[in-house]
Amino acid sequence: MFGAKGEVLDFVRSVTSLPKEDRPAFGKHANAIKQEVEQALATRREAFAQAELQRELAATDFDPTEPGPRPARGALHPITIVQNELVDLFTSMGFVWEDGPEIESEYYNFDALNIPGDHPARESQDTFWLSDGNLLRTHTSPVQVRTMQRLAKNGFQPPLKVIVPGRCFRCETVDKSHEHTFYQMEGLVVDRDVSVANLIHTMKTCLRVILERDVQVRLRPGFFPFVEPGFELDVNCPFCSGKGCSVCKQSGWIEILPCGMVHPNVLRQGGIDAEQYTGFAFGMGLQRVVMLRYGIDDIRQFMGGDLRFASQFPEVPR
Ligand code: PHE
């Protein structure tokens, strides 16, 4: 109707056959008619399409009001969840998050920590050596001396409070409680008059928050060349409340973190005056804490890549 040969167009064009003085009035009317017809047609088309759609919808069981498929949401790994909580807790106590390299030098991993080449303590850390003489760090402790040196180089003296969450590696035979790749969180405090009492208090506060209950701790002597005195800190067993069960091997206690007072040699390596300052350090095995918190009995789950395991840990809103 509107095409080059359409009736409406013919009508509009017929303006040329009129005397000049009649043309404007005719043109105005003709255009108004054209617009009216176009409008009416559009309305009909719209109504027709709607009716058509309704008919189609009625013929299927498609429900346009139903919400669409939701994109699957990922979840944080349980180690990340607990690490985040620990970082929040320690930063709220004034600690600063430090990082260090996973490929480490022999000096920072061992020598700077008072573990010389011929020291038997090296044997208990089954190290992955690289062909260039470096190694995969066996603990997060190398970051102790790295941090102290960096601060000393920039003219800073203690107080110093840092935590170092990070991945570590040992050439272990993997079983229920040993992994070649694991996560630690190192802590280091250096200041005047830092004592074992400060260490115990900090550890108790940390365990209370992470295990979500009141805890008792005990210290046993533990040997690490970079602390003196060195301790193994135990927590009362959360599964039997200290009565004795298979998890705590009937002892009522669970060994949870090695710690101690920073050895003066380590302070000296870090450029800190060991006559004026003392400090404490701890090395928390994150998997161990996560296992206690969620009751997980096999450390291999963490690196196993099984989504059924990894997606079970809802993040608690913080
Ligand atoms: N780095 C030690 C380890 O991995 C743990 C430790 C850290 C001990 C700090 C004492 C002080 O075995």
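Conventions adopted
- Residues numbered from 1 in each chain as written.
- Predicted model: local features only at pLDDT ≥ 70, side-chain atom pairs only at ≥ 80, totals over all residues.
- Heavy atoms only, no water.
- Domains from an automatic or database assignment.
- Phe/Tyr/Trp six-rings, centres within 6.5 Å; stacked < 30°, edge-to-face > 60°.
- Buried < 20%, exposed > 50% of the residue type's maximum accessible area, 1.4 Å probe, protein only.
- Lys NZ or Arg CZ within 6 Å of the ring centre and 35° of its normal.
- Near = heavy atom within 4 Å.
- Polar contact = N/O pair within 3.5 Å; in protein donor to acceptor, adjacent residues only side chain to side chain.
- Areas by Shrake-Rupley, 256 points an atom, 1.4 Å probe, with all protein chains shown as cover.
- Helix = DSSP H or I, 4+ residues; strand = E, 2+ residues; numbered from the N terminus.
- Nonpolar A, V, L, I, M, F, W, Y, C, P; charged D, E, K, R; others polar.
- Expected span 1.5 Å × (residues − 1).

Let's talk about the domain arrangement of the protein
Working step 1: Along its sequence, the protein is organised into domain 1 (7-59) and domain 2 (78-310).
Working step 2: Taking only C-alpha atoms into account, the centre of domain 1 sits 83 Å from that of domain 2.

Topic: the packing of aromatic side chains
Working step 1: Summed over the entire model, instances satisfying the criterion amount to eight aromatic pairs.
Working step 2: Seen from their ring centres, F302 and F309 are 5.9 Å apart, and the 80° between their planes marks the pair as edge-to-face.
Working step 3: On the accessibility criterion, F302 (5% relative accessible area) is buried.
Working step 4: Residue F309 is classed as buried on the basis of its relative accessible area, which comes to 8%.
Working step 5: Between R146 and the ring centre of Y108, over which it is positioned, the NZ or CZ distance is 4.2 Å.

Quick word on the site of the ligand
Working step 1: Taken together, the neighbourhood of the ligand is formed by 13 residues, with H139, S141, R170, Q184 and G283 sitting nearest.
Working step 2: In the environment of the ligand, a nitrogen atom lies 2.8 Å from a nitrogen or oxygen atom belonging to the side chain of S141.
Working step 3: One of the side-chain nitrogen or oxygen atoms of Q184 is found 2.9 Å away from an oxygen atom of the ligand.
Working step 4: Within the complex, the protein chains bury 95% of what would otherwise be the 330 Å² of accessible surface of the ligand.
Working step 5: Of all elements in the fold, only β5 (181-191), β8 (253-262) and β9 (278-285) reach the threshold of two or more residues within the shell around the ligand.
Working step 6: With three residues, the single largest contributor to the shell around the ligand is β9.
Working step 7: Each residue belonging to the shell around the ligand can be placed in one class, and the counts come to seven nonpolar, four polar and two charged.

With respect to helix α5 (residues 142-153)
Working step 1: Here α5 is twelve residues long and its end C-alpha atoms lie 17 Å apart, about the 16 Å a rise of 1.5 Å per residue gives.
Working step 2: Among the residues making up α5, those that are buried are P142, V143, Q144, V145, T147 and M148.
Working step 3: The positive-phi residue at the C-terminal boundary of α5 is G155, with phi of around 85°.

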